[in-house]
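Chains, contacts and geometry: an overview
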Amino acid sequence: MNTKNRFLPALSAAAVTALLLAACAPAAPAAPAAPAAPTEAPAPAPTEAPAPTEAPAPTEAPAATEAPAPAASAMMKVEAPNCDYGGTMKAIEAVDELTVKFTLCSPDPAFPYKIAGDSFAILDADYLNETGGDSNKISENPVGTGPYKVKEWKRGESITFEAFADYWGEQAKTPTAVLRWSKEAAQRLLELQSGNADGMSNVGPDDFETVEKDADLKLIEVPAANIFYIGFNNTIPPFDDDRVRLAFAYGIDRQRIVDDYYPRGSVVATSFVPTSFAVGASPNVPWHEYNPEKARELLKEAGKENLEVTLTYRDVVRGYLPNPGIVAQEIQAQLKEIGVNVKIEVKESGAFLDSVTAGKEAFYLLGWGADYPDATNFLDYHFGPENKQYGKPYDDIVALLKEGASTADLAKRQAAYDKVNELLKKYVPMIPVAHGGSALAFRADVEGAHANPVSALVFAVMAPPRDRFVYVQNAEPISLNCADESDGETFTACAQIYETLLRFKLGTAEVEPALAESYESNADLTEWTFKLRPGVKFHNGATLDANDVVATMVAQWDAKNPNHKGRTGSFEYWTAYFGSFLNAQ
């Protein structure tokens, strides 16, 4: 999420690395309840983004619809007849009022991390039925269990949150939180310096020192658990020719890009997966060296001299891409040196992501920040069988990914990923460019200021000595229904409203209980059972039960479910994590 805006903790890079590595071990089953700290959550989405000038959305949640406790006979269960449909989910079942069981087709040691993702926030089943799972309706009246509920969304301007009085955990430190947006880092910093904002995302690479020298501000650096890459679609000419993609790999000087346009803490990518992860990166399989002469030879061999192509991107700053426009121009200049004329086209963020997801972009800039600290989040998500962004999937890579994901043995996993990295280097579906360092900034007097490694900020723990907390990010959320989104700006808003079964402990990549107060798995990691926290209220007054969890998950999983709508219907995170939809056409 990609696409996403990810934040790493206010720790040293070494400490975070250790944290990520530790978190990569299979999750320990079961964990005691800790009904204190508010929630958090992490970041995919296709089709048209809502126009920023649409009419303001309503504010109050729908009338309370207290859901009666389901009788045992009313417990929901949805099960695939077998695992031949292409997905890895076999069944989702409400065992009793507060117990939910997921049965998988194959072992999945990363399941707790996946289920903690923002896109799997739990909705009230009755509310879901009322909205039909439509993102537009959900965005107008978002109903979650989080510490804040939406008071007002002024399209194109801001979202105002107010504390939820019946929140099950610790109340929000500040009664009101405001999310605003501005794509210019300088403008965000100006708002922070003037006191009109309490926090900001993505400090400009040249502004780190400015923030550090200002006694009224504080800088929180974010280590580089992300990847910026240049993508190709292998079904769209001229990138359907392997030699063209390989020529571009030789023709782009990645070191020059990182040296000239990235802040401290950034490194040139040698693999798609950050090297701080326990498995996935392959230092023994380095990427192609810069060699413009070889690039020209390949283009000549392919008969593609004097090539003209269009490079697309969205003008949204991310930790993995702090200067999108300037980097696009640099790539344009570098490719000119090997005889390629590049036209640059900037697209609206939501429309661009939708187009990439649908496999319609030929040559583009994009990136990804970690949702959880495991290779599967980077490799399976991007190179699995359901991802269309690079065109036709590579079957040999897909088979190796399945091999790497179905065992907890790190040596076996790394052996599979080394082969994957060899094949990525051979096929060049993308060029890994950088793992970007970045930073957030806050007013110095904001208590609880933090950055999260794999999830969005938690406004509820922020406590400025004022009656509201104001945060300025890069762009406006696309919707307020996280199930069918992948954009970091969207997840920042959703994380204040909704909650997941598990969440990432504040400032870490470690999962802890949230709506589920405990969980456990069977020995082969194919059955995961969650015990829900009793007495949790939704913003509409309904009480959380196991059927809410089943209804929420099945709306994503089952293509024939009446609530399987979303904004575009792609539910990118579901297919990335769990494969094909049930009952897909």
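Cut-offs used in this document
Residues numbered from 1 in each chain as written. Predicted model: local features only at pLDDT ≥ 70, side-chain atom pairs only at ≥ 80, totals over all residues. Heavy atoms only, no water. Disulfide = S-S within 2.5 Å. Helix = DSSP H or I, 4+ residues; strand = E, 2+ residues; numbered from the N terminus. Phe/Tyr/Trp six-rings, centres within 6.5 Å; stacked < 30°, edge-to-face > 60°. Buried < 20%, exposed > 50% of the residue type's maximum accessible area, 1.4 Å probe, protein only. Lys NZ or Arg CZ within 6 Å of the ring centre and 35° of its normal. Axes fitted to C-alpha atoms, helices over the stretch in contact; angles between N-to-C directions. Left-handed = near helix turned anticlockwise from the far one by under 90°. Contact = heavy atoms within 4.5 Å. Nonpolar A, V, L, I, M, F, W, Y, C, P; charged D, E, K, R; others polar. 1 Å grid on protein atoms, 1.4 Å probe; cavity = no way out; pocket = protein on both sides within 12 Å on 5 of 7 lines; lining within 4 Å. Points joined across faces, edges and corners; volume = space filled by probe spheres on them.

**Looking at the state of the cysteines**
Here the structure, examined in full by the defined rule, presents two disulfides. A sulfur-sulfur separation of 2.1 Å characterises the disulfide bridge that pairs Cys-482 with Cys-494. In this pair, Cys-482 is assigned in the loop between strand E16 (468–473) and helix H15 (488–497) and Cys-494 in helix H15, connecting sequence segments 12 residues apart. Take the cysteines of the chain that form disulfides and number them in order along the sequence; they join up as 1-2, 3-4.

**Side note on the packing of aromatic side chains**
Aromatic ring pairs are described here by two measures, namely the spacing of the ring centres and the angle between the planes. Under the defined criterion, the tally for this structure stands at 44 aromatic pairs. Measuring from centroid to centroid gives 5.9 Å for Trp-368 and Tyr-573, while their planes differ by 35°, and the two rings are tilted. Of the two residues, Trp-368 is situated in strand E13 (residues 363–369) and Tyr-573 in helix H17 (residues 572–578); the sequence distance between them amounts to 205 residues. We note that Trp-368, like Tyr-573, is buried. Over the ring of Trp-153 we find Arg-155; its NZ or CZ atom is 3.6 Å from the centre of that ring.

**Points about the packing of helix H8 (residues 254–261) against helix H10 (residues 324–336)**
Where H8 meets H10, the closest approach of the two axes is 11 Å, and the angle between their N-to-C directions is 145°. Here H8 and H10 pass one another in a crossing that is right-handed. In this structure, H8 contributes Arg-256, Ile-257 and Tyr-261 to the contact, and H10 contributes Ile-326, Val-327, Glu-330, Ile-331 and Gln-334. Taken together, the residues of the contact of H8 with H10 sort by class into five nonpolar, one polar and two charged.

**Describing empty space enclosed by the protein**
A volume near 150 Å³ is recorded for the largest cavity. Lining the largest cavity are 17 residues, and of these Leu-123, Leu-128, Asn-481, Ala-483 and Gln-556 lie nearest its centre. Here the lining of the largest cavity takes three residues from helix H16 (residues 546–557), the largest share from any one element. Class assignment of the residues belonging to the lining of the largest cavity gives a composition of nine nonpolar, seven polar and one charged.

These results come straight from atomic positions and should not be treated as a statement about function.
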